[in-house]
Amino acid sequence: MAAAGAGRLRRATSALLLRAPRLPVRELSAPARLYHKKVVDHYENPRNVGSLDKTSKNVGTGLVGAPACGDVMKLQIHVDEKGKIVDARFKTFGCGSAIASSSLATEWVKGKTVEEALTIKNTDIAKELCLPPVKLHCSMLAEDAIRAALADYKLKQEPKKGEVEKK
């Protein structure tokens, strides 16, 4: 009996939909928000996706998120014995602008010293990617991720309490 009722409901709904006036698709869809070609390039061909060994003393990991939009960014750096960033990786859950910001950030930190990497600002990332004002939080996340990764690396370089006394 329930199946018969469901069938009647389906037929009635179909009949109503068929009689409803059709609007052109253009009127139903929201205006397209176009991304700059640099954002599209980093989104479609992200650079340096992946992870590094977070337990390594030479790897700093930054994990940041934006509760308002749900974007989460993990950025890792590998620093050599001279203090130069030789590798960087990221994993991002978020929109195209967040992924592009992460990708660009990893490209920019490679080859820099730890101190030079601290000079990368969200405004520089936003300007390079031509981010619209509603997407500026993505470049802010990228800067925060860089700073968090550098802070984690610096923390790992400090001697542990027991190590200082042994020397």
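Residues numbered from 1 in each chain as written. Predicted model: local features only at pLDDT ≥ 70, side-chain atom pairs only at ≥ 80, totals over all residues. Heavy atoms only, no water.

1. Let's talk about the environment of A148
Phase 1 of the analysis: Mapped onto the secondary structure, A148 falls in helix α7 (residues 136-157).
Phase 2 of the analysis: Judged by its relative accessible area of 25%, A148 is partly exposed.
Phase 3 of the analysis: Note: C-alpha distance between A148 and V64 (84 residues apart in sequence) is 7.8 Å.
Phase 4 of the analysis: If sequence neighbours within four positions are ignored, A148 has contacts with T61, G62, L63 and V64. (Helix = DSSP H or I, 4+ residues; strand = E, 2+ residues; numbered from the N terminus. Buried < 20%, exposed > 50% of the residue type's maximum accessible area, 1.4 Å probe, protein only. Contact = heavy atoms within 4.5 Å.)

2. Concerning the pairing of strand β2 (residues 71-79)
Consecutive side chains of a regular strand alternate in pointing toward one face of the sheet and then the other.
Phase 1 of the analysis: Looking at chain direction, strand β1 (residues 59-66) and β2 are connected through eight bridges and run antiparallel. Counterpart to V64 in the pairing with β2 is M73.
Phase 2 of the analysis: Adjacent in sequence and paired antiparallel, β1 and β2 are bridged by four residues, among which G70 carries a positive phi angle near 90 degrees.
Phase 3 of the analysis: Across eight bridges, the pairing between β2 and strand β3 (residues 85-93) is antiparallel. By the bridge assignment for β3, H78 is matched with D87.
Phase 4 of the analysis: Two successive antiparallel strands, β2 and β3, enclose a turn made up of five residues, where G83 displays a positive phi of approximately 90 degrees. (Pairing = 2+ DSSP bridges.)

3. A word on the side chain of D71
Phase 1 of the analysis: Topologically, D71 is positioned in strand β2.
Phase 2 of the analysis: In this structure D71 touches V64, G65, A66, F93, G94, C95, A98, H137, C138 and L141, once residues within four positions along its chain are discounted.

4. Let's talk about the pattern of salt bridges
Phase 1 of the analysis: Scanning the entire structure with this criterion turns up eight salt bridges.
Phase 2 of the analysis: As a salt-bridge pair, E128 and K38 come within 3.4 Å of each other at their nearest N and O atoms. In this pair, E128 is assigned in helix α6 (residues 122-129) and K38 in helix α3 (residues 37-44), connecting sequence segments 90 residues apart.
Phase 3 of the analysis: The exposure class assigned to E128 is partly exposed, which follows from its relative accessible area of 31%.
Phase 4 of the analysis: By relative accessible area, K38 is classed as partly exposed at 33%. (Salt bridge = Lys/Arg side-chain N within 4 Å of Asp/Glu carboxyl O.)

5. A few points about unusual backbone geometry
Phase 1 of the analysis: For N48, which is not glycine, the phi dihedral falls at a positive 60 degrees.
Phase 2 of the analysis: Within the secondary structure, N48 sits in the loop between α3 and β1.
Phase 3 of the analysis: Phi is positive for C130, which is not a glycine, with a value near 55 degrees.
Phase 4 of the analysis: Along the chain, C130 turns up in the loop between α6 and α7.
Phase 5 of the analysis: The exposure class assigned to C130 is partly exposed, which follows from its relative accessible area of 39%.

6. What about a nonpolar patch on the surface?
Phase 1 of the analysis: Residues L63, V72 and F93 make up a contiguous nonpolar surface patch of roughly 330 Å² in combined accessible area.
Phase 2 of the analysis: One can find V72 in strand β2.
Phase 3 of the analysis: Exposure remark for V72: the relative accessible area of 36% places this residue in the partly exposed category. (Patch = residues over 30% accessible without salt bridge, like charges linked within 9 Å, V, L, I, M, F, W, Y side chains within 5 Å. Areas by Shrake-Rupley, 256 points an atom, 1.4 Å probe, with all protein chains shown as cover.)

7. Some details on the sheet that holds β3
Phase 1 of the analysis: If you trace the three strands from one edge of the open sheet to the other, you get β1-β2-β3, paired in antiparallel fashion. The open sheet has two edge strands with one neighbour each: β1 and β3. Recorded for the sheet is a direction-independent mean angle of 15 degrees between the axes of neighbouring strands.
Phase 2 of the analysis: Relative to β3, helix α4 (residues 96-109) is tilted by about 175 degrees, and along the sheet it contacts β2 and β3.
Phase 3 of the analysis: Helix-sheet contacts for α7 involve β1, β2 and β3, and the interaxial angle to β1 is about 145 degrees. (Axes fitted to C-alpha atoms, helices over the stretch in contact; angles between N-to-C directions.)

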